[in-house]
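Breakdown of the fold
Next come the chains, spelled out residue by residue.
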Amino acid sequence: MTDTALPSPTVSTRSLYAASWAVGSALYAALIVAGYPLVGVGAFVAGAVVAVALGHESDQPTFDERDRAVFDEAGRHTMAAVGMASAVVFPTMVAARALGYVTWPEWFYYAGYFVAGLFAVWGVFVLLARSHRR
Amino acid sequence: MESNLREYREREGLSQGALGEAVGVTRQTINAVERGRYDPSLELALKLAAHFDCAVEDLFQLEDDGEG
């Protein structure tokens with residue numbers, strides 16, 4: 001029987017990398033809620049630095065082409081979900097507002113700007129990717 | 001896609017981690033390729049073929065859909 005089930009150093013690096021981000025982010029949120037925002041920012045930065053250093057110092061790849069494929073697929077689904085939801089929600093709300101059925105809450109403007117900005121960034125990266133593949 | 005990667009790897013007595021290190025990917029990726037859960041990139045397939053000194057077709061074949 002082979003030792004294929006044994007963990008490799010890469011597993012530890014990946015786990016530590018994810019744990020560093022998770023701990024830093026959890027402390028960030030907890031310390032903000034507790035009233036120590038600057039300490040929270042420090043904890044987040046520390047977690048990020050540890051994670052990046054772990055990935056940098058490891059002899060083996062922390063993430064590879066399969067991870068990139070997974071992230072690409074998740075990104076595609078995210079953009080599709082946000083795009084389809086936006087294509088329904090925002091025109092519906094504009095029409096409803098024009099007809100006097102609803103009044104927009106302030107956060108809705110920011111949500112609209114965020115979605116518009118998100119797709120603007122996406123469009124820029126689509127153009128860049130196309131230019132690199134010509 | 002069907003893969004003979006496990007047979008080639010075990011013939012050389014390599015662990016998944018060792019093979020991954022040799023071709024620059026993680027153990028998890030070798031495991032996923034062997035189980036048919038991930039189709040390797042052309043670059044990885046060529047690296048694996050070069051490592052085992054065989055053709056890519058020796059390691060990977062299109063699955064027979066039974067209609068040919």
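Residues numbered from 1 in each chain as written. Chains lettered and ligands numbered in written order. Predicted model: local features only at pLDDT ≥ 70, side-chain atom pairs only at ≥ 80, totals over all residues.

Attention now goes to the overall build of chain A. Assigned secondary structure in chain A consists of four helices and zero strands. Starting at the N terminus, the α and β elements of chain A follow one another as α-α-α-α. Summarising its shape, the C-alpha atoms of chain A cover approximately 70 × 50 × 35 Å along the three principal directions. Burial analysis of chain A (134 residues in total) assigns 11% to the buried set. (Helix = DSSP H or I, 4+ residues; strand = E, 2+ residues; numbered from the N terminus. Buried ≥ 20, exposed ≤ 12 C-beta atoms within 10 Å, placed from the backbone.)

Here we come to the nonpolar core. Residues and elements named next belong to chain B. In this structure, Leu 5, Tyr 8, Leu 14, Leu 19, Val 25, Ile 30, Val 33, Tyr 38, Leu 44, Ala 45, Leu 48 and Leu 59 together form the largest nonpolar core, which totals twelve residues. Of all elements in the fold, only α1 (5-11), α3 (27-34) and α4 (42-52) reach the threshold of two or more residues within this core. When residues of this core are assigned to their parent elements, the largest contribution, three residues, is made by α4. Among residues more than four places away in sequence, those in contact with Ala 45 are Pro 40, Val 56, Leu 59 and Phe 60. (Core = buried A, V, L, I, M, F, W, Y, C linked by C-beta atoms within 7 Å. Contact = placed C-beta atoms within 7 Å.)

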